[in-house]
Protein chains: 2
Amino acid sequence: MPTALDRTDKALLAALQGNARLTVAELAESVSLTTSPCWRRVKILEESGIITGYQAVLSPKELGYGVTAFVSVMMESHSQEVARKFEQRLLEIPEIIACHNVSGRYDFLLEVVAKDLESFGEFAREVLQALPAVKEIYSSFSYKSVKPRRVVPVIG
Amino acid sequence: MPTALDRTDKALLAALQGNARLTVAELAESVSLTTSPCWRRVKILEESGIITGYQAVLSPKELGYGVTAFVSVMMESHSQEVARKFEQRLLEIPEIIACHNVSGRYDFLLEVVAKDLESFGEFAREVLQALPAVKEIYSSFSYKSVKPRRVVPVIG
DNA sequence: GGTGAAAGCGAGGACCA
DNA sequence: TGGTCCTCGCTTTCACC
């Protein structure tokens with residue numbers, strides 16, 4: 001699946017991870033190309049699924065979310081059906097900003113934002129615990145985001 | 001800190017979280033404004049720190065990273081100095097794509113990408129365990145990203 | 001793979017209601 | 001606040017090397 005990327009493609013990916021609003025002209029200059037081939041490369045990276053989209057990165061703090069929590073969820077059953085229902089339900093809950101089905105003691109790891117600890121408590125009790133087939137949850141709060149910007153390495 | 005956002009600002013934020021490359025003209029139409037006031041609003045959202053940046057979202061899979069792991073790290077000490085050194089060191093390691101200082105049994109939660117399980121094992125042994133003042137690590141692997149795109153809710 | 005050029009459109013600002 | 005108009009530069013797509 002991984003398409004062969006040359007040095008130029010990697011430089012473009014790194015640049016666009018840093019700033020998705022760079023113009024093709026700026027990108028082209030940064031990799032010493034003219035705009036046309038640069039534009040074509042970006043299109044190929046988009047169509048091949050390497051670039052899955054472009055996103056404005058928002059500050060949870062500035063939006064009034066003082067609390068970021070990581071919630072580990074243990075399920076009562078491990079049937080396909082239970083997992084499918086659970087996942088479907090998660091997608092509808094905007095406070096859950098990320099979710100992985102994971103190995104280990106717990107089955108899911110959720111990242112949740114809330115206004116403050118009190119509203120997180122309410123959310124945990126009334127929304128998370130009420131999710132189908134949840135056996136146990138364990139919450140861990142983020143004191144500080146040490147790497148706030150998720151950047152996938154392209155060099156290597 | 002949270003600036004007062006009206007319905008239009010929220011719509012702009014939602015649109016830009018969905019697609020950071022929307023033109024101002026497209027944005028303006030989606031919120032029934034003309035380009036100038038729309039452009040001004042976006043600038044204000046950027047300057048106020050609500051929009052912290054624009055990022056191309058890349059697919060770890062397509063870049064050859066078959067493994068995403070969540071690594072919980074317990075430290076030997078909880079001194080400021082130890083934490084500071086540890087955090088500084090983390091920032092230099094590109095495979096660690098996210099990191100939070102957290103409450104609970106463990107002190108840090110890292111998100112790590114690797115080519116495959118074997119290379120993750122090597123990374124855990126040679127890089128993670130070798131970090132300063134690490135007492136214990138616990139790794140959990142992602143079988144599947146249920147919510148691949150982190151979107152901070154703006155309605156509320 | 002790369003260049004250069006043309007047409008159309010958007011960004012960004014000055015100014016008014 | 002929002003709207004109009006204007007200009008410059010960029011995007012996008014040619015044909016071609």
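On a predicted model such as this, the values are computed, not experimentally measured, just so you know. Chains are numbered independently. Their residues run from 1 in the order of the written sequence. Chain labels run from A onward and ligand labels from 1 onward, assigned in the order the entries are written. Only residues with pLDDT of at least 70 get local features here, since the model is predicted, and only at 80 or more are side-chain atom pairs given and counted; chain-wide, interface and lining totals rely on the full set of residues. Computation of side-chain values: all heavy atoms of the structure, hydrogens and water removed.

(A) Representation of the overall build of chain A within the structure. Here a helix means four or more residues in a row that DSSP labels H or I, a strand means two or more in a row labelled E, and each is numbered from the N terminus. Along the backbone of chain A there are five helices and five strands. Helices and strands appear in chain A in the N-to-C order α-α-α-β-β-α-β-β-α-β. Our radius of gyration is a C-alpha quantity, and the globule rule it is checked against amounts to 2.2 Å times the number of residues to the power 0.38. Relative to the 2.2 N^0.38 estimate, which gives 15 Å for 156 residues, the radius of gyration of chain A is 20 Å and therefore markedly larger than a compact globule would have. Dimensions along the principal axes, computed over C-alpha positions, put chain A at roughly 55 × 35 × 25 Å. Restricting to contacts in chain A with at least 6 residues of sequence separation, those with at least 24 account for 66%. The contact rule is simple, with two residues in contact once any of their heavy atoms fall within 4.5 Å.

(B) Examining helix α1 (residues 7-18) of chain A more closely. Here, expected helix span is obtained from the residue count minus one, scaled by 1.5 Å. For α1 of chain A, which comprises twelve residues, the first-to-last C-alpha distance of 17 Å matches the rise-based estimate of 16 Å (1.5 Å per residue) to within 8%. Relative accessibility decides the category of a residue: with a 1.4 Å probe and only protein chains considered, values under 20% of the type maximum give buried, values over 50% give exposed, and everything between is partly exposed. Inspection of α1 of chain A places Asp9, Leu12, Leu13, Ala15, Leu16 and Gln17 of chain A among the buried residues, and these make up the whole buried set. Buried positions along α1 of chain A lie against α2 (24-30), α3 (35-47) and β1 (51-58) of chain A together with β1 (51-58) of chain B.

(C) Structural detail: the pattern of salt bridges. Every case where a carboxyl oxygen of Asp or Glu lies within 4 Å of a side-chain nitrogen of Lys or Arg is listed as a salt bridge. On inspection of all chains with the given rule, the structure shows 20 salt bridges over all chains. Its salt-bridge partner being Glu111 of chain A, residue Arg150 of chain B comes within 2.9 Å of it at the nearest N-O pair. Here Glu111 of chain A lies in strand β4 (residues 108-114) and Arg150 of chain B lies in the segment after β5 (134-147), a pairing that spans two chains. Taking relative accessible area as the criterion, Arg150 of chain B reaches 25% and is therefore assigned partly exposed.

(D) Representation of the sheet that holds strand β4 (residues 108-114) of chain B in the model. Here eight strands make up a closed barrel; going around it, the order is β2(A)-β4(A)-β3(A)-β5(B)-β2(B)-β4(B)-β3(B)-β5(A) and the pairing antiparallel. The sheet shows a mean angle of 35 degrees between the axes of neighbouring strands, taken without regard to direction. Here the rule is simple: two strands pair whenever DSSP picks up at least two bridges between them. For strand β2 (residues 67-75) of chain B and β5 of chain B, the ladder comprises seven bridges, and the chain directions are antiparallel. Residue pairing in the sheet places Val73 of chain B in a bridge with Ile137 of chain B of β5 of chain B. On the sheet, helix α4 (residues 80-91) of chain A packs against β2 (67-75), β3 (96-102), β4 and β5 (134-147) of chain A together with β5 of chain B and is oriented at approximately 85 degrees with respect to β5 of chain B. Set on the sheet, helix α4 (residues 80-91) of chain B makes contact with β5 of chain A together with β2, β3 (96-102), β4 and β5 of chain B; between it and β5 of chain A the angle comes to about 85 degrees. For helices, the axis comes from a line fit to the C-alpha atoms of the stretch in contact; other axes are also lines fit to C-alpha atoms, and the angle between any two N-to-C directions lies between 0 and 180 degrees.

(E) Summary view of the relation of the copies chain A and chain B. Each copy is superposed on the other by least squares, with the fit set by C-alpha atoms of residues at a pLDDT of at least 70 in both. Take chain A, turn it by 180 degrees, move it 0.0 Å along the axis, and it overlays chain B with an RMSD of 0.0 Å. With respect to symmetry, the two chain copies, as superposed, fit the operation of a two-fold axis. Within chain A, Gln55 of chain A has its C-alpha nearest the rotation axis, a separation of 2.7 Å. Interface overlap between copies is the fraction of interface residues in one copy that are interface residues in the other; for chain A against chain B it reaches 99%, indicating a shared surface.

(F) Local environment of the protein's contact with DNA strand D. We call a residue near a molecule or strand when any one of its heavy atoms sits within 4 Å of it. Around DNA strand D, the neighbouring residues are Thr23, Val24, Ala25, Thr35, Ser36 and Trp39 of chain A together with Leu33, Thr34, Ser36, Pro37, Arg40 and Arg41 of chain B. Each atom of DNA strand D within 4 Å of the protein was assigned to sugar, phosphate or base; sugar and phosphate come to 58%. Definition of a polar contact: a pair of N or O atoms within 3.5 Å, with one able to donate and the other able to accept a hydrogen when the atoms are protein atoms, and with sequence-neighbouring residues admitted only if both atoms are side-chain atoms. The contact in question runs from a phosphate oxygen of DNA strand D to an N or O atom on the backbone of Val24 of chain A, over 2.5 Å. One of the side-chain nitrogen or oxygen atoms of Arg40 of chain B is found 2.7 Å away from a base nitrogen of DNA strand D. Those elements that provide at least two residues to the surface near DNA strand D are α2 and α3 of chain A together with α3 (35-47) of chain B. In this classification, the charged set is Asp, Glu, Lys and Arg, the nonpolar set is Ala, Val, Leu, Ile, Met, Phe, Trp, Tyr, Cys and Pro, and all remaining amino acids, among them Gly, are polar. Residue composition of the surface near DNA strand D, grouped by class: five nonpolar, five polar and two charged.

(G) Here's a closer look at the interface of chain A and chain B. Listed per partner, the contact involves 69 residues of chain A and 68 residues of chain B. Counting across the chain A and chain B interface gives four salt bridges. Glu87 of chain B serves as the salt-bridge partner of Lys144 of chain A, at 2.6 Å between the closest nitrogen and oxygen. At the junction of chain A and chain B, the tally comes to 46 residue pairs in polar contact (both at pLDDT 80 or more). Ranked by residue count, the leading element in the side of chain A that touches chain B is β5 of chain A, at nine residues. Grouping the constituent residues of the side of chain A that touches chain B by class yields 38 nonpolar, 20 polar and eleven charged. Of the strand pairs in this sheet, β3 of chain A and β5 of chain B are connected by four bridges, and their pairing is antiparallel. Across the sheet, residue Val102 of chain A finds its bridge partner in β5 of chain B, namely Ser142 of chain B.

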